[in-house]
Amino acid sequence: AAFDSTWDSIEDLIKAKSADDYVAIEKGMIEIEQALMPEKPDAAQVTALVNGVMAKYNANLAEVVKEARSRP
């Protein structure tokens, strides 16, 4: 839930920067939700999904920050 609320504030920037990454992050969020549904989720699977989403998110966020800092 915390990630989702943060995602709402930046998703349009990510979408404008990389539509492919935006789609991958959205898809990953759905996959994470589904992976967490079983009574005993597969921790390795959930961890891998979270790591994949966070890698794309963090890389794009770093680019947004870098671009913002380079503007006069």
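Our structure's up above, just so we're on the same page.
Heads up: these notes are all about the structure in this document.

With respect to the pattern of salt bridges
Part 1 of the reasoning: Across all of its chains, the model carries three salt bridges by this definition.
Part 2 of the reasoning: The residue Glu-67 makes a salt bridge to Lys-17 at a minimum N-O spacing of 2.8 Å. Here Lys-17 lies in helix H1 (residues 2–17) and Glu-67 lies in helix H3 (residues 43–70), a separation of 50 residues in the sequence.
Part 3 of the reasoning: Of the charged contacts, one joins Glu-31 and Lys-27 as a salt bridge, the two residues approaching to 3.7 Å between their closest N and O atoms. With Glu-31 and Lys-27 both in helix H2 (residues 19–35) and four residues apart, this pair spans about one turn of that helix.
Part 4 of the reasoning: With relative accessibility at 29%, the residue Glu-31 sits in the partly exposed group.

Some remarks on the layout of surface pockets
Part 1 of the reasoning: When its volume is computed, the largest pocket comes out at roughly 210 Å³.
Part 2 of the reasoning: Lining the largest pocket, in full, are Ala-1, Phe-3, Asp-4, Met-29, Ile-32, Glu-33, Leu-36, Val-50, Val-53 and Met-54.
Part 3 of the reasoning: Taken together, the elements giving at least two residues each to the lining of the largest pocket come down to H1, H2 and H3.
Part 4 of the reasoning: Of the residues that constitute the lining of the largest pocket, the class distribution is eight nonpolar, no polar and two charged.

Remarks on H2
Part 1 of the reasoning: With 17 residues, H2 should reach 24 Å at 1.5 Å per residue; the first-to-last C-alpha distance of 24 Å fits that figure.
Part 2 of the reasoning: Among all positions of H2, only Asp-21, Tyr-22, Ile-25, Gly-28, Met-29, Ile-32 and Ala-35 are buried. Seen along its axis, H2 keeps its buried residues to an arc of 155 degrees; they face one direction. Opposite the buried face of H2, at more than 90 degrees from it, the exposed residues are Asp-20, Val-23, Lys-27 and Glu-33.
Part 3 of the reasoning: Those residues of H2 that are buried are in contact with H1 and H3.

Criteria and thresholds
Starting from 1, residues in each chain are numbered consecutively following that chain's sequence as written. With pLDDT at 70 or above as the cut-off, local features in this predicted model cover only qualifying residues; side-chain atom pairs require 80 or more to be listed or tallied, and sums for whole chains, interfaces and linings still use all residues. Based on all heavy atoms of the structure, the side-chain values leave hydrogens and waters out of the count. When a carboxyl oxygen of Asp or Glu is within 4 Å of a side-chain nitrogen of Lys or Arg, the pair counts as a salt bridge. Segments assigned H or I by DSSP are reported as helices when at least four residues long, segments assigned E as strands when at least two residues long, and all are numbered from the N terminus. Exposed residues in this analysis have more than 50% of their type's maximum accessible area, buried residues have under 20%, and partly exposed residues fall in between, with area computed by a 1.4 Å probe over protein chains only. Two kinds of site are reported from a 1 Å grid over the protein atoms alone, namely cavities, where a 1.4 Å probe fits but cannot get out, and pockets, open sets with protein on both sides within 12 Å along at least five of seven lines, and residues are called lining when an atom falls within 4 Å of a point. Grid points are joined across faces, edges and corners, and a volume is the space filled by probe spheres set on the points. Amino acids outside the nonpolar list (Ala, Val, Leu, Ile, Met, Phe, Trp, Tyr, Cys, Pro) and the charged list (Asp, Glu, Lys, Arg) are all regarded as polar, and Gly is one of them. Take the number of residues in a helix, subtract one, and multiply by 1.5 Å to get its expected span. The arc in question is traced by the directions running from the helix axis to the C-beta atoms. Should any heavy atoms of two residues lie within 4.5 Å, those residues are counted as being in contact.

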